[in-house]
Amino acid sequence: MKRIARNVYLAFCLGAPLPAVAAPRCPAPARPTLTAVPGDPFSAVPTSDGCWLFVSLSGRHDHGSVAVLRDERGSFALNRTVALSAAALGEALSPDGRLLAVTTLAGVDLLDVARLERPGGDPLVARLRDGSPQPVYAAISRDSRLLFVSDETSHRISVFNLVLADSRRRRAAALVGHIPTGFGPVGLAVSPDGKWLYATSEVAPRISGFPDRCSPPFDAYGRHQPVGVLLKIDIAKAAADPRHSIVAGVPAGCEPVRVAVSPSGKTLWVTARGDNALLRIPAADLNSGAGHLDTDSFAIGTDPVGLAVRPDDRQVWVADSARFVSGRSGRLAGLTGIHGKEKVELM
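Quick caveat: nothing in here was measured; it's all calculated off a predicted structure.

Definitions and cut-offs
- Residues numbered from 1 in each chain as written.
- Predicted model: local features only at pLDDT ≥ 70, side-chain atom pairs only at ≥ 80, totals over all residues.
- Heavy atoms only, no water.
- Helix = DSSP H or I, 4+ residues; strand = E, 2+ residues; numbered from the N terminus.
- Rg over C-alpha atoms; globule rule 2.2 N^0.38 Å.
- Buried < 20%, exposed > 50% of the residue type's maximum accessible area, 1.4 Å probe, protein only.
- Contact = heavy atoms within 4.5 Å.
- Areas by Shrake-Rupley, 256 points an atom, 1.4 Å probe, with all protein chains shown as cover.
- Lys, Arg positive; Asp, Glu negative; His and termini not counted.
- Charge placed at Lys NZ, Arg CZ, Asp CG, Glu CD.
- Polar contact = N/O pair within 3.5 Å; in protein donor to acceptor, adjacent residues only side chain to side chain.
- Core = buried A, V, L, I, M, F, W, Y, C linked by side-chain atoms within 4.5 Å.
- Pairing = 2+ DSSP bridges.
- Axes fitted to C-alpha atoms, helices over the stretch in contact; angles between N-to-C directions.
- Disulfide = S-S within 2.5 Å.
- Phe/Tyr/Trp six-rings, centres within 6.5 Å; stacked < 30°, edge-to-face > 60°.
- Lys NZ or Arg CZ within 6 Å of the ring centre and 35° of its normal.

1. Notes on the overall build of the chain
What the chain contains, in helices and strands, is 3 helices and 26 strands. Relative to a compact globule of 347 residues, whose C-alpha radius of gyration would be 20 Å, the chain shows 19 Å and is just as compact. Counting across all 347 residues of the chain, residues that qualify as buried make up 53%. Pairs at least 24 apart in sequence give 47% of the contacts found in the chain among residues at least 6 apart. Surface exposure of the chain reaches about 15800 Å², of which carbon and sulfur atoms provide 50%. Both charge centroids of the chain, one from 39 positive and one from 33 negative side chains, sit 4 Å from each other.

2. Some details on the side chain of Ser144
Along the chain, Ser144 turns up in the loop between strand E11 (135-140) and strand E12 (146-151). With a relative accessible area of 11%, Ser144 lands in the buried category. Among the polar contacts made by the side chain of Ser144, one reaches the main-chain amide nitrogen of Asp96 at a distance of 3.1 Å.

3. Describing the nonpolar core
Ranked by size, the top nonpolar core spans 20 residues in total, and within it Phe148, Ile157, Ile179, Leu188, Leu197, Ile233 and Ile235 carry the most contacts. Mapped by element, the contributors of at least two residues to this core are E12, strand E13 (156-161), strand E15 (183-190), strand E16 (196-203), strand E17 (229-234) and helix H3 (235-238). The greatest single-element share of this core, amounting to 3 residues, is contributed by E17. If sequence neighbours within four positions are ignored, Ile179 has contacts with Phe148, His155, Arg156, Ile157, Val159, Ile233, Ala238, Pro242, Ser245 and Ile246. Core analysis: the next-biggest nonpolar cluster, separate from the first, contains 17 residues, Ala101, Ala138, Phe160 and Ala165 among them.

4. A word on the sheet that holds strand E8 (residues 99-104)
With antiparallel pairing, 4 strands are arranged side by side in an open sheet as E7-E8-E9-E10. Of all the strands in the sheet, just strand E7 (88-93) and strand E10 (124-128) have a single pairing partner and so form its edges. For this sheet, the mean inter-axis angle between neighbouring strands, taken without regard to orientation, is 20°. In terms of strand pairing, strand E9 (residues 107-112) meets E10 through 4 bridges, oriented antiparallel. Each residue of the ladder has a partner; that of Leu111, found in E10, is Leu124.

5. Observations concerning the state of the cysteines
Summed over the entire model, instances satisfying the criterion amount to 2 disulfides. What pairs with Cys26 in a disulfide is Cys51, and their sulfur atoms sit 1.9 Å apart. Residues Cys26 and Cys51 are joined by a disulfide whose S-S torsion is about 90°; by sign, that bridge is right-handed. Residue Cys26 is located in the loop between strand E1 (9-12) and strand E2 (33-36), and its partner Cys51 is located in the loop between strand E3 (40-46) and strand E4 (52-58); the two are separated by 25 residues in the primary sequence. Like Cys51, Cys26 is buried.

6. Quick look at the packing of aromatic side chains
Taken as a whole and judged by the stated rule, the model has 1 aromatic pair. A ring pair is formed by Trp269 and Phe298, whose centres lie 6.4 Å apart and whose planes are at 35°; its orientation type is tilted. Residue Trp269 is located in strand E20 (residues 267-272), and its partner Phe298 is located in strand E22 (residues 296-299); the two are separated by 29 residues in the primary sequence. Residue classification places Trp269 among the buried residues on the basis of a relative accessible area of 1%. Judged by its relative accessible area of 13%, Phe298 falls in the buried class. The ring of Trp196 carries the charged tip of Lys232 above its face, separated from the ring centre by 4.2 Å.

7. Notes on the pairing of E3
As paired strands, E3 and E4 are joined by 6 bridges and run antiparallel to one another. Note that in E4 the partner of Pro41 across the bridge is Leu57. Counting the residues that bridge the hairpin from E3 to E4 gives 5 residues, and of these Gly50 lies at a positive phi of roughly 75°.

As structure tokens, this is what we get:
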């Protein structure tokens, strides 16, 4: 993971996309704003009313926390920070707005949102552990019952039952099981209808037969590895039998690291970091047994990672990290005209 200087600034450009649980109650920033946070930010998740923003942070000696920001008349300000078990990475807010799951280098910290918003309250609900040395990303099912955690170094996605995790007496049984993946699973996204989980792995297993054309970062020997894979997972099956819940897997360029779903659920967007590309994949092409993959690729910038689709489906935002290029700063890029005459613009 690329570390950046402490006391960095977190930029909110064009307002963050909001979950579709309730109409925004607080005004989004009218222009890009900068807010200082006490650590290195990894992710930011807004509440459905647009009034709060939770930012995962890492600091020195792998200390971690969540910065709680409040919208004050269209400008976010730091309200409080809450210490976590270790350096904080990915976040997921339950659709019912009750729980925030934060992956850390020690596992997953489950936090109560209402207590997060109250100064002085202890928001910790549970600390979930599955034995993985680096859980990195999280997603929660539309019914707020299942938590999915990508274990980047363990070739798997862990599945937790949040109903059990929220109960002290039954918490020990919260881990349902694991979904097998390729190397480096990271990106996770749930379809709008709640039926499917889409997941990226940076390198597909060699038995997949996918093209062997990608160069690993910093490789000086001219070696190649398979392209990455985008998985389609049946969420209902994952609730009972995670190991057998994969419906389909398709090639997704070199080192795919994030996936996002369009509001209609018909289009999947993937950042292929090793190809410096943004991929557009029709969701229908991931049906089991589909023999044709109609993928569009857009040159979006250097080492693209972060990814979001605007709620009106008119633009896709991408964070170009430049993490493997010495002396180059990251930037935010946008793909406009995504339904014809596409154009990449810097923001």
